Amino acid sequence: MVEKNKKIKNIIFNIINFLILLLVWFAIFINYEFNDVSFEQLIFTLTNPAGANYDIVWYGALFVLVGIIVTILVFKLMKKLWEYIKLSVILKFTFKKLEFSFDLFKITKVRRVFFYLIFVFGSLFGSIKLVELDDYIKNMNNVSTIFEDYYVDSSKVEIEFPKKKRNLIFLVVESLESSNVSRKNGGLVDESYSPYLEKLALKYTNFSSSDKIGGLTQVSNTSYTIAGLVSHTSGIPLKTPVDWNTYKSNKSSLSGAYSIGDLLRDNGYKNYFMLGSDANYGGRKQYFQQHGNYEIYDYYWAIEQEKISSDYKVWWGYEDLKLYDYAKEKLLEISKNDEPFNFTMLTADTHFTDGYMDKECQNKFSNVYANSFYCADYKIGKFIEWVQQQSFYKNTTIVIVGDHLVVQDGLYKNDSNRYIYNVLINSALSTENNKNRVATHFDMYPTTIAALGAKIDGDKLGLGVNLYSSKKTLIEEVGAEYLNIELLKKSNYYNDYIIGDDYYDMINSKEALYEDKD
């Protein structure tokens, strides 16, 4: 019976150790692979019903498993060495004629428990810090009023479009930074990773925080693709409920938001969204369909249209080389329709890790990831040149913007002063107020609408400001540090109004809480 109880204790002890090591190595992997990911983003990824990139999942599982095995082997080796060496250091001291001796390296039951507790609590504390769980808990216990103070409900703003409405091509490029341009023009590299985009930014309108090529400042809850898309198109961050599955099961996606898609649809536009991956991933399909009734052309659409075979799978679905070909076909088709169009595209070839290189790419740089950006730049150049040769171009505004900063380490030697690339081509407006401006994702929403020639009463939509105007942006008004802190905090307004009643059952009525804000 004693032997049986001992075996049970050993099994429980080993399970606890395994779970602790699993937690530690999972936290190390998340920190290593995703470079300063927030816990809120981690929740979103893990609870997303569309799943994740399976290459990353398998790589992560292997990383964690190898880490656990190596740790166990190292511990066993250290134990054997300890038993073999049998190191003994005896400390002796006298206190009031009493002599004491202390064997520094002697293994006792008390010491085993003491060091084991240090191992357990140290592992838990380190893991919590690595995934920023402590910050998440702290922020969820603090309430921000930044939405009550600064948010402008776009559905209530008077917006006047020109009689002849301009088309919009909104090209969102994965992880595109202004850092890619040459150092002499404001970037972080000696030779440009994105020479064509550099030329575009010099020729057309690029909003920058300096007097050279620059871009948008990334703030809290905008640092991954769906968050970047939401922020660019709705002027708000993506603050997700803890249980994203439950929220999404109600078939609602930020029901209180009023996006570019909503606004353009309500003004006679037809919306389209094309991407080479599964649109369901990250809730992108749901968001775009519910905010503007976009027609979705994704990886599975390409299979259904027999553009690719059912077993074709490259990178995230199909590569950008095909994306631009399909976009050209669709643009020629929809440009013949009577209604103006909003054609939004999302690329993927420059996604971490190291990006994707197709047969047309060349290895110009020693850094593999830099080469994927160089190749992506070439494809963007060819696509923009093609658009500019089409008859519909004269009445079409093109916006090119990155979804977020590069997540992968090692691309830039200097990690400071990094900004998200933006350029507006063939805008209905011109400005000399595009330099030395501090702007965020949020500002692209009203700025894009203004670039279509629409007049926005007050020049504010969501948390964004029309950058063609002289009004201060939110980040210019309150500062980056304050804005980042407030965006991480819990927002009752966001939960109640933007996420909506389909998820949150507020104790007090909305009217009572916010009647002075309406």
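Everything below is about the structure shown above.
Residues numbered from 1 in each chain as written. Predicted model: local features only at pLDDT ≥ 70, side-chain atom pairs only at ≥ 80, totals over all residues. Heavy atoms only, no water.

Peer 1: Would you mind showing me how to read the overall build of the protein chain here?
Peer 2: If you tally the helices and strands in the protein chain, you get 19 helices and 13 strands. Per-residue burial over the protein chain gives 51% buried out of 518 residues. In the protein chain, the proportion of contacts linking residues at least 24 apart, taken out of those at least 6 apart, comes to 72%. Within the structure as shown, the protein chain displays about 25800 Å² of accessible surface, and the carbon and sulfur contribution to it stands at 55%. (Helix = DSSP H or I, 4+ residues; strand = E, 2+ residues; numbered from the N terminus. Buried < 20%, exposed > 50% of the residue type's maximum accessible area, 1.4 Å probe, protein only. Contact = heavy atoms within 4.5 Å. Areas by Shrake-Rupley, 256 points an atom, 1.4 Å probe, with all protein chains shown as cover.)

Peer 1: Before we go on, may I ask you to explain helix H13 (residues 320–334) in this structure?
Peer 2: Think of an α-helix as 3.6 residues a turn; residues three or four steps apart then line up on the same face. Look at H13: 20 Å from first C-alpha to last across 15 residues, which is about the 21 Å you get at 1.5 Å a residue. Within the sequence span of H13, burial applies to Asp 320, Leu 321, Leu 323, Tyr 324, Tyr 326, Ala 327, Lys 330, Leu 331 and Ile 334. Lining the buried residues of H13 we find strand S4 (167–173), strand S6 (270–275), strand S7 (295–297), helix H12 (299–304), strand S8 (341–346) and helix H14 (368–388). (Expected span 1.5 Å × (residues − 1).)

Peer 1: Please explain the sheet that holds strand S5 (residues 215–216) as it appears in this structure.
Peer 2: Within a sheet, adjacent strands bond to each other through the backbone by hydrogen bonds, running parallel or antiparallel. With mixed pairing, the 7 strands of this open sheet are ordered in space as S5-S10-S9-S4-S8-S6-S7. Looking at the sheet topology across the chains shown, the edges are occupied by S5 and S7. Judged from the 4 bridges that link them, strand S9 (residues 396–402) and strand S10 (residues 420–425) form a sheet pairing that is antiparallel. Residue pairing for S10: Ile 400 is matched across the bridge by Val 423. (Pairing = 2+ DSSP bridges.)

Peer 1: What is the right way to read the packing of H13 against H14 from this model?
Peer 2: Relative placement of two packed helices is described by the angle separating their axes and the distance separating the axes. In the contact formed by H13 and H14, the axes pass within 10 Å of each other and the chain directions differ by 10°. In this view, H13 runs roughly parallel relative to H14, as classed from their interaxial angle. For the pair H13 and H14, contact is made by Asp 320, Leu 321, Tyr 324, Ala 327, Lys 328, Leu 331 and Leu 332 and by Lys 379, Ile 380, Phe 383 and Trp 386, respectively. Looking at the contact of H13 with H14, its residues break down into 8 nonpolar, no polar and 3 charged. (Axes fitted to C-alpha atoms, helices over the stretch in contact; angles between N-to-C directions. Parallel < 35°, antiparallel > 145°, perpendicular 65-115°, else oblique. Nonpolar A, V, L, I, M, F, W, Y, C, P; charged D, E, K, R; others polar.)

Peer 1: What should I look at first to understand the packing of helix H7 (residues 195–203) against H14 in this one?
Peer 2: As a packed pair, H7 and H14 sit with axes 7 Å apart at the nearest point and diverge in direction by 50°. Between H7 and H14, the interaxial angle falls into the category oblique. Here Pro 195, Tyr 196 and Leu 197 of H7 come into contact with H14, specifically with Tyr 374, Asp 377, Ile 380, Gly 381, Ile 384, Glu 385 and Gln 388. Here the contact of H7 with H14 is built from residues that sort into 6 nonpolar, 2 polar and 2 charged.

Peer 1: Honestly, the pattern of salt bridges in this entry has me stumped. Any pointers?
Peer 2: It is possible for side chains bearing opposite charge to pair when their charged atoms get close. Going through the model one piece at a time under the given rule, you end up with 13 salt bridges. One salt-bridge network, in which partners are shared between bridges, spans Asp 262, Arg 265 and Asp 266. (Salt bridge = Lys/Arg side-chain N within 4 Å of Asp/Glu carboxyl O.)

Peer 1: What am I meant to see in the state of the cysteines here?
Peer 2: Structurally, a disulfide amounts to a covalent bond that connects the sulfur atoms of two cysteines. Using the criterion set out here, one finds 1 disulfide in the structure. Cys 361 shares a disulfide with Cys 375; S-S distance 2.0 Å. One quick way to see it: the torsion about the S-S bond of Cys 361 and Cys 375 is about -80°, and its sign makes the bridge left-handed. Residue Cys 361 is found in the loop between S8 and H14, and its partner Cys 375 is found in helix H14; the two are separated by 14 residues along the sequence. The burial state of Cys 361 is the same as that of Cys 375; both residues are buried. (Disulfide = S-S within 2.5 Å.)

Peer 1: Sorry, what's going on with H7 here?
Peer 2: Taken together, the buried positions of H7 are Tyr 196, Leu 197, Glu 198, Leu 200 and Ala 201. Close packing links the buried residues of H7 with H14, S9 and S10.

Peer 1: Is there a simple way to think about the pairing of S9 in this case?
Peer 2: Moving residue by residue along a regular strand, the side chains alternate between the two faces of the sheet. In terms of residue burial, S9 counts as a mostly covered element, since 7 of its 7 residues are buried. Covered by surrounding structure in S9 are Thr 396, Ile 398, Ile 400 and Gly 402 together with Thr 397, Val 399 and Val 401, the residues of both alternating faces. With 7 bridges connecting them, S4 and S9 associate as parallel partners. Counterpart to Asn 167 in the pairing with S9 is Thr 396.

Peer 1: What's the story with the side chain of Asn 206 in this structure? I'm lost.
Peer 2: Along the polypeptide, Asn 206 turns up in the loop between H7 and S5. A polar atom in the side chain of Asn 206 sits 2.7 Å from the backbone oxygen of Asn 422. Discounting residues that sit within four places of it in the chain, Asn 206 has contacts with Ala 201, Lys 212, Ile 213, Gly 214, Asn 422, Asn 434 and Lys 435. (Polar contact = N/O pair within 3.5 Å; in protein donor to acceptor, adjacent residues only side chain to side chain.)

Peer 1: Quick question: what am I supposed to make of the environment of Ser 430 here?
Peer 2: As for its position among the elements, Ser 430 is in the loop between S10 and helix H15 (444–451). A relative accessible area of 70% means that Ser 430 is categorised as exposed. Sequence separation of Ser 430 and Tyr 204 is 226 residues, and the distance between their C-alpha atoms is 9.1 Å.

Peer 1: Just checking my understanding: could you explain the packing of aromatic side chains for this structure?
Peer 2: Within a pair of aromatic rings, the relevant descriptors are the distance that separates the centres and the angle that separates the planes. Evaluation of the coordinates by the stated rule reveals 25 aromatic pairs. Ring geometry for Tyr 272 versus Phe 343: centroids 6.4 Å apart, planes at 40°, classification tilted. Here Tyr 272, found in strand S6, pairs with Phe 343, found in strand S8; they are 71 residues apart in sequence, far enough to count as distant. Overall, the relative accessible area of 3% leaves Tyr 272 in the buried class. Using a relative accessible area of 0% as the deciding quantity, one classes Phe 343 as buried. Of note, Lys 364 hangs over the ring of Phe 365, and the distance from its end group to the ring centre comes to 6.0 Å. (Phe/Tyr/Trp six-rings, centres within 6.5 Å; stacked < 30°, edge-to-face > 60°. Lys NZ or Arg CZ within 6 Å of the ring centre and 35° of its normal.)

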